Amino acid sequence: MVDVAARDALADTPARETALSCVEAGVEAATPAEFVPDAVARDGDTLHVVDAAYDLASHDRVVAFGAGNAAAHVAAELAAVLGDRLDGGVVVTDDPVAVPGVEVLESDHPIPSARGVDATRRLLAAARDCGSETLALVVLTGGGSAVLPAPAGDLSLDDLRRVTDALLDSGAPIQAVNAVRKHCSAVKGGRLAAALAPATIATLAVSDVVGNDLSVVASGPTVPDETTYADALAVLGDYGLDAPGAVRDHLAAGARGDRPETPGADHPAFARAAAHVLADGHTALAAAVETARQRGYEATLLSGRVEGDAAAAGRTHAAVAAEIRQTGNPLEPPAVVVSGGELTVSVGDADGVGGPNQTCALAAAPSLPGDAAFACVDTDGVDGPTDYAGAVVDANTANDPAAVRRALAARDATGYLDGRNALVETGPTGTNVNDLRVLVVED
């Protein structure tokens, strides 16, 4: 179960209690223990993965690899399904749990670390040991880009750290962020697939990306990459990134053709590769909606594709709450509106602390009707560079409007919300399917 710290205090109104219950149900539905049994099963020598089947008898080894926040949790469930047919593997994560027969290595998120580089090196070495009779099951989840760092060419770990910091502070969408990451890495953008070849590769993805673009989940280490060095170089210019000179030189060399491009769809490694989505944002969103309906609320999914500026999204959700209260559109109260996606905060020169979900919640609070509540969380339990999953707010949270405006301008949502009975803390949840937002308007 998802464990929300100080839950009784946070749930001090009916609206806030419902918002938290819907969040808990959504995150719980997206945990591997819930979704893996529905997506992966073994029947003798046949392994069923979603709508595909793999003949275990035709492979001399079945090996599990993985990267991401929830990778070890998924791998543990996979090991339970495979039993004695699992022959080892390596999983890299910042949320380790034991996986029988598999080496689980710790890494760090969201900034690359030295132990992450060492863990990735060991994963790549194991991948290169796979032969043509190996079935490689590769678990990828949100957070895989950060926990699986492998500096390419003559780049250093410090170069990766600095460019990652700049990318995360820029407010750039994840597609742009990962275009740069792929071209600074020896494992991302299809390069893990190249290391695994000629093995049969089955990617088992838990998607934290809007639209489930698997070339973006964990920066697509096992799927073809359509982005180029030129695309990555353009991101630096488009978002005014202060990237290290070594990164600029590396990308410029690739754009000139002095470095081989990331593997595309015609690379032979993909001739024996397939990818399957085990769970995604809608897994959590559907459970949140169903929980609200079971509680007697009119409930709807607004969108699972809400992206862009976090503060703007918060104000839009507050406007939806006001519309429900005043007109009964799109739902008559009591009503619950659920949304998902991935929000961003452009930090610039601001020196505050606060993730996108806390920012979204704080921006909504001043305009919420008095009988409404709004919970915004990142399903992995980590919202931006903080120890919080997000926040739950109502109009009372914004009892100092001038301070709210100052906090938003300083990108300091955490600073404002701290001590105001609003911050949601869960610790690692064992999953990552992106943002989950629940808006509650009472009757």
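Residues numbered from 1 in each chain as written. Predicted model: local features only at pLDDT ≥ 70, side-chain atom pairs only at ≥ 80, totals over all residues. Heavy atoms only, no water.

Our focus in this paragraph is the packing of aromatic side chains. If you walk through the whole model with that rule in mind, you get 0 aromatic pairs. Lying over the aromatic face of tyrosine 416, arginine 420 brings its terminal NZ or CZ to 3.8 Å of the ring centre. (Phe/Tyr/Trp six-rings, centres within 6.5 Å; stacked < 30°, edge-to-face > 60°. Lys NZ or Arg CZ within 6 Å of the ring centre and 35° of its normal.)

Below, the discussion takes up the layout of surface pockets. In this structure, the largest pocket encloses a volume near 940 Å³. Along its surface, the largest pocket is lined by 48 residues, and Pro110, Leu168, Glu342, Pro356 and Gly384 are the ones closest to its centre. For the lining of the largest pocket, the secondary structure elements donating two or more residues are α6 (144–147), α7 (157–170), α8 (174–183), β11 (335–344) and α14 (356–364). Among the residues forming the lining of the largest pocket, the class breakdown is 21 nonpolar, 16 polar and 11 charged. (1 Å grid on protein atoms, 1.4 Å probe; cavity = no way out; pocket = protein on both sides within 12 Å on 5 of 7 lines; lining within 4 Å. Points joined across faces, edges and corners; volume = space filled by probe spheres on them. Helix = DSSP H or I, 4+ residues; strand = E, 2+ residues; numbered from the N terminus. Nonpolar A, V, L, I, M, F, W, Y, C, P; charged D, E, K, R; others polar.)

This brings us to the packing of helix α2 (residues 14–29) against helix α12 (residues 281–294). When two helices pack together, their arrangement is given by the angle between the helix axes and the distance between those axes. One can describe the packing of α2 onto α12 by two numbers: an axis separation of 7 Å at closest approach and a directional angle of 140°. As summarised for this structure, α2 and α12 are arranged oblique, according to the angle between their axes. By crossing handedness, the relation of α2 to α12 is classed as right-handed. Residue-level inspection shows Ser21, Cys22, Ala25, Gly26 and Ala29 of α2 in contact with α12, the latter providing Thr283, Ala284, Ala287, Ala288, Thr291 and Ala292. (Axes fitted to C-alpha atoms, helices over the stretch in contact; angles between N-to-C directions. Parallel < 35°, antiparallel > 145°, perpendicular 65-115°, else oblique. Left-handed = near helix turned anticlockwise from the far one by under 90°. Contact = heavy atoms within 4.5 Å.)

To continue, consider the side chain of serine 113. Counting through the fold element by element, serine 113 comes out in the loop between β6 (103–106) and α5 (114–128). With a relative accessible area of 8%, serine 113 lands in the buried category. Engagement of the side chain of serine 113 in a polar contact is seen with the side chain of aspartate 108, the distance being 2.5 Å. Residues in contact with serine 113, not counting those within four places in the same chain, are Ser107, Asp108, Pro149, Leu157 and Arg161. (Buried < 20%, exposed > 50% of the residue type's maximum accessible area, 1.4 Å probe, protein only. Polar contact = N/O pair within 3.5 Å; in protein donor to acceptor, adjacent residues only side chain to side chain.)

Turning next to empty space enclosed by the protein. Applying the stated rule across the entire model yields 3 cavities of 30 Å³ or more. Empty space within the largest cavity amounts to approximately 120 Å³. Contributing to the lining of the largest cavity are 14 residues, with Pro112, Leu160, Thr164, Arg181 and Lys188 lying nearest its centre. Of all the elements in the fold, those that place two or more residues in the lining of the largest cavity are α6, α7 and α8. When residues in the lining of the largest cavity are grouped by element, the largest group, 4 residues, is from α7. Here the lining of the largest cavity is built from residues that sort into 9 nonpolar, 3 polar and 2 charged.

All right, on to the side chain of threonine 262 then. Here threonine 262 lies in the loop between α11 (245–255) and β9 (273–279). Side-chain polar atoms of threonine 262 contact the side chain of histidine 183, separated by 3.4 Å. Polar contacts involving the side chain of threonine 262 include one to the side chain of glutamate 261, which spans 3.5 Å. Each residue touching threonine 262, except ones within four places of it in the same chain, is listed here: Lys182, His183, Gly189, Arg191, Asp225 and Thr227.

Here we come to α12. End to end, α12 covers 20 Å across 14 residues, agreeing with the expected 20 Å (1.5 Å per residue, within 8%). Of all the residues in α12, the buried ones are Gly281, Ala284, Leu285, Ala287, Ala288, Val289, Thr291 and Ala292. Contact partners of the buried residues in α12: α2, β10 (298–309), β11 and β15 (435–441). Two to three positions downstream of the cap, the backbone nitrogen of histidine 282 sits 3.1 Å from a side-chain oxygen, assigning the N-cap of α12 to aspartate 280. Positive phi appears at glycine 296, one or two residues downstream of α12, with a value of about 95°. (Expected span 1.5 Å × (residues − 1).)

A separate point is α5. With 15 residues, α5 ought to run about 21 Å at 1.5 Å a step, and its terminal C-alpha atoms sit 21 Å apart, in line with that. Where α5 is concerned, the buried positions are Gly116, Val117, Ala119, Thr120, Leu123, Leu124 and Ala127. Down the axis of α5, the smallest arc covering the buried residues is 165°, so these residues share one side. Buried residues along α5 sit in contact with β4 (61–67), β5 (89–93), β6, α6, α7 and α9 (191–196). (Arc of directions from axis to C-beta.)

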